[in-house]
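The residues making up each chain are set out below.
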Amino acid sequence: MTIDLAPLQAQALAELGAAADDEALEAVARIYLGRKGAITELMGRIPSLTPEERPGFGQTVNATKRAIETALEARREALADAAIAVARGGAGFDPSLPGAPLRRGSLHPITQVRREVEEIFRSMGFEVVDGPELELSYYNFEALNIPADHPARDHQDTFYCDDEGRLVLRTHTSNMQIRAMEKRQPPIRIIAPGRVFRNEAQDAKHEHTFHQVEGLVIDRGIHVGHLTGTLKGMLRAIFQTEIEIRLRPGFFPFVEPGFEVDIRLPGAAALGGVLGDWMEFCGCGLVHPAVLRAGGIDPQAYSGFAFGMGLDRLVLLRYSIDDIRHFMGGDLRFLRQFG
Ligand code: DAH
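Residues numbered from 1 in each chain as written. Predicted model: local features only at pLDDT ≥ 70, side-chain atom pairs only at ≥ 80, totals over all residues. Heavy atoms only, no water.

Describe the packing of aromatic side chains, with residues and values.
Within this structure, the stated rule accounts for 8 aromatic pairs. Ring centres of Phe252 and Phe254 lie 6.1 Å apart, and the angle between their planes is 40°; on these two criteria the pair is classed as tilted. Since its relative accessible area comes to 22%, Phe252 is described here as partly exposed. Through successive ring pairs, a cluster of aromatic residues spans Phe121, Phe126, Phe305 and Phe307. Directly above the aromatic system of Tyr139 lies the positively charged group of Arg179, at a separation of 4.0 Å from the ring centroid. Geometry around Tyr319 places Arg318 over its ring, the cationic atom sitting 6.0 Å from the centre. (Phe/Tyr/Trp six-rings, centres within 6.5 Å; stacked < 30°, edge-to-face > 60°. Buried < 20%, exposed > 50% of the residue type's maximum accessible area, 1.4 Å probe, protein only. Lys NZ or Arg CZ within 6 Å of the ring centre and 35° of its normal.)

Written as structure tokens, this is what we have:
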């Protein structure tokens, strides 16, 4: 028995080609290829044919089936392409137009200077550590020798994040001193850069959110000479020239003795420095024995120095920026200048 399936195939291909959407297409596919479809029905006849008839009949049906399947797949793709073209703006899409320019982002100036400072300290053998911004009051205050009723807390009013006053946004990176000591044995050499927070009125020099870099070195026989040598080395690397510094006595409960460090920058007065050519740069000192003990380190055996410097200040100086509020303001015209 020979069979001519050409008319069936022609009709199937015409119907597939005319299907306007996926739903119509799948309906046509079912008519020919479905469980009760024409092709399936033809296949079902094969067992009732004589052995001589079977090969020829089978080949013809198979060829028709493949032709219909190929046409179905082609139509599916054509419909999908058409849907994409519509999504892209229909017939108006012009693939020869130049693409939209890719905007290159850039690192925030604070991030750039922070990375530079990290590199400098790494080259001096320091480890860079990171820690929580939402901090237990214990690490931010108590363990640093600042008890609850201590007047030093007045200078560091912060955002208290629970009713008991146990959770605070850290007011300085000094919290990392204790955390670093808890996890390490001397010799310790770390810096901890990061964001800090204060609840204070904002102006060109004060923000509720700013950045510090804490430094901590603990070993046997550490003294103030190690501290000044380290700070001068860092300043030399940052400003690419020798920078004069001076130490004034300064009170911070977690160091004894404590100092404020000024750096001499000709023209600092013009940048708003109130000390003539001198500009306040950081707080520092030798780690208080009570703080060493809180960190689990024996103050009889070891001593250390610590410093905390404002990163924002450094960036202001570096780029002669007049207002700290630019940093968190999110104005792209400001940020693009550092790309
Ligand atoms: N944590 C102090 C502040 O935010 C700065 C500071 C002073 C850090 C003395 C120190 C230090 O490590 O020894 O004002």
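Quick rundown of the sheet that holds strand β9 (residues 303–310)? Include the residues and the values.
Judged by pairing direction, the sheet is mixed, and its 7 strands sit side by side in the order β1-β4-β5-β9-β8-β7-β6 without closing on themselves. Looking at which strands have only one partner, the edges of the open sheet turn out to be β1 (127–128) and β6 (245–249). Direction of pairing for strand β7 (residues 255–264) relative to strand β8 (residues 278–287): antiparallel, over a ladder of 8 bridges. For Val255, the partnering residue across the bridge sits in β8 and is Val287. (Pairing = 2+ DSSP bridges. Helix = DSSP H or I, 4+ residues; strand = E, 2+ residues; numbered from the N terminus.)

Can you break down the site of the ligand residue by residue, with the values?
The ligand sits among 16 residues. The nearest are His172, Ser174, Arg198, Gln212 and Glu214. One of the side-chain nitrogen or oxygen atoms of Gln212 is found 3.0 Å away from an oxygen atom of the ligand. With the chains in place, 92% of the 350 Å² that the ligand exposes on its own is no longer accessible. Breaking the shell around the ligand down by element, the ones donating at least two residues are β5 (209–219), β8 and β9. (Near = heavy atom within 4 Å. Polar contact = N/O pair within 3.5 Å; in protein donor to acceptor, adjacent residues only side chain to side chain. Areas by Shrake-Rupley, 256 points an atom, 1.4 Å probe, with all protein chains shown as cover.)

Requested: an account of the side chain of Asn140, with residues and values cited.
One can find Asn140 in helix α6 (residues 137–140). What makes Asn140 buried here is its relative accessible area of 0%. Here Thr171 takes part through its side chain, which lies 3.0 Å from a polar atom of the side chain of Asn140.

Describe helix α5 (residues 109–123), naming the residues involved and giving the relevant values.
The terminal C-alpha atoms of α5 lie 21 Å apart, and with 15 residues this matches the ideal 21 Å at 1.5 Å per residue to within 8%. Among all positions of α5, only Pro109, Ile110, Thr111, Val113, Val117, Glu118, Ile120 and Phe121 are buried. The positive-phi residue at the C-terminal boundary of α5 is Gly125, with phi of around 90°. (Expected span 1.5 Å × (residues − 1).)

Report on the pairing of β5, specifying residues and quantitative values.
Judged by how many residues are buried, β5 sits mostly within the fold: 10 of 11 residues are covered. Taken together, the 8 bridges between β5 and β9 define a ladder with antiparallel strand orientation. The partner of Val213 across the bridge, within β9, is Met309.

Now, about helix α4 (residues 53–87): what can you tell me, with residues and values included?
Across its 35 residues, α4 extends 52 Å between first and last C-alpha, which sits within 8% of the 51 Å expected from 1.5 Å per residue. Of the residues making up α4, those classed as buried are Phe57, Gly58, Val61, Thr64, Ile68, Ala71, Leu72 and Leu79. Where α4 is buried, its residues touch α1 (6–18), α2 (22–33) and α3 (38–45). Where α4 ends, the next residue or the one after it, Gly89, has phi of about 115°, a positive value. (Contact = heavy atoms within 4.5 Å.)

Mind laying out the nonpolar core, listing which residues take part and the relevant values?
Formed by 40 residues in total, the largest nonpolar core has its most connected members in Val117, Ile263, Phe307 and Leu314. In this structure, Phe141, Ile190, Ala192 and Ala306 belong to the second largest nonpolar core, which totals 24 residues. (Core = buried A, V, L, I, M, F, W, Y, C linked by side-chain atoms within 4.5 Å.)

Got a sec to walk through the packing of α5 against helix α8 (residues 224–239)? Specific residues and values, please.
Taken N-terminus to C-terminus, the directions of α5 and α8 make an angle of 130°; their axes are 10 Å apart at the nearest point. Taken together, the axes of α5 and α8 are oblique relative to one another. The two elements α5 and α8 cross, and the hand of that crossing is right-handed. Two secondary-structure elements touch here, α5 through Glu116, Val117, Ile120 and Phe121 and α8 through Thr230, Met234, Ala237 and Ile238. Class assignment of the residues belonging to the contact of α5 with α8 gives a composition of 6 nonpolar, 1 polar and 1 charged. (Axes fitted to C-alpha atoms, helices over the stretch in contact; angles between N-to-C directions. Parallel < 35°, antiparallel > 145°, perpendicular 65-115°, else oblique. Left-handed = near helix turned anticlockwise from the far one by under 90°. Nonpolar A, V, L, I, M, F, W, Y, C, P; charged D, E, K, R; others polar.)

Any details on the packing of α1 against α4? Residues and values, ideally.
Where α1 meets α4, the closest approach of the two axes is 10 Å, and the angle between their N-to-C directions is 10°. The orientation of α1 relative to α4 falls into the category roughly parallel. For the pair formed by α1 and α4, the contact residues are Leu8, Gln9, Ala12, Leu13, Leu16 and Gly17 on the first element and Thr64, Ala67, Ile68, Ala71, Leu72 and Arg75 on the second. When the residues that make up the contact of α1 with α4 are grouped by side-chain class, the tally is 8 nonpolar, 3 polar and 1 charged.

Summarise the domain arrangement of the protein chain; cite the residues concerned and give the values.
Domain boundaries in the protein chain define domain 1 (6–89) and domain 2 (109–338). Using only C-alpha atoms to locate each centre, domain 1 and domain 2 end up separated by 75 Å. (Domains from an automatic or database assignment.)

Tell me what's going on with the pattern of salt bridges, and back it up with residues and numbers.
Counted by the stated rule, this structure contains 17 salt bridges. The closest approach of N and O atoms between Glu244 and Arg264, which form a salt bridge, is 3.4 Å. Here Glu244, found in the loop between α8 and β6, pairs with Arg264, found in strand β7; they are 20 residues apart in sequence, far enough to count as distant. Accessibility expressed as a relative area gives 34% for Arg264, which makes it partly exposed. Measuring nitrogen to oxygen at the nearest pair gives 2.7 Å for the salt bridge that ties Asp262 to Arg248. Of this pair, Asp262 sits in strand β7 while Arg248 sits in strand β6, placing them 14 residues apart in sequence. The class for Arg248 is partly exposed, based on a relative accessible area of 26%. Counted as one network, the salt bridges with shared partners bring together Arg114, Glu118, Glu119 and Arg122. (Salt bridge = Lys/Arg side-chain N within 4 Å of Asp/Glu carboxyl O.)

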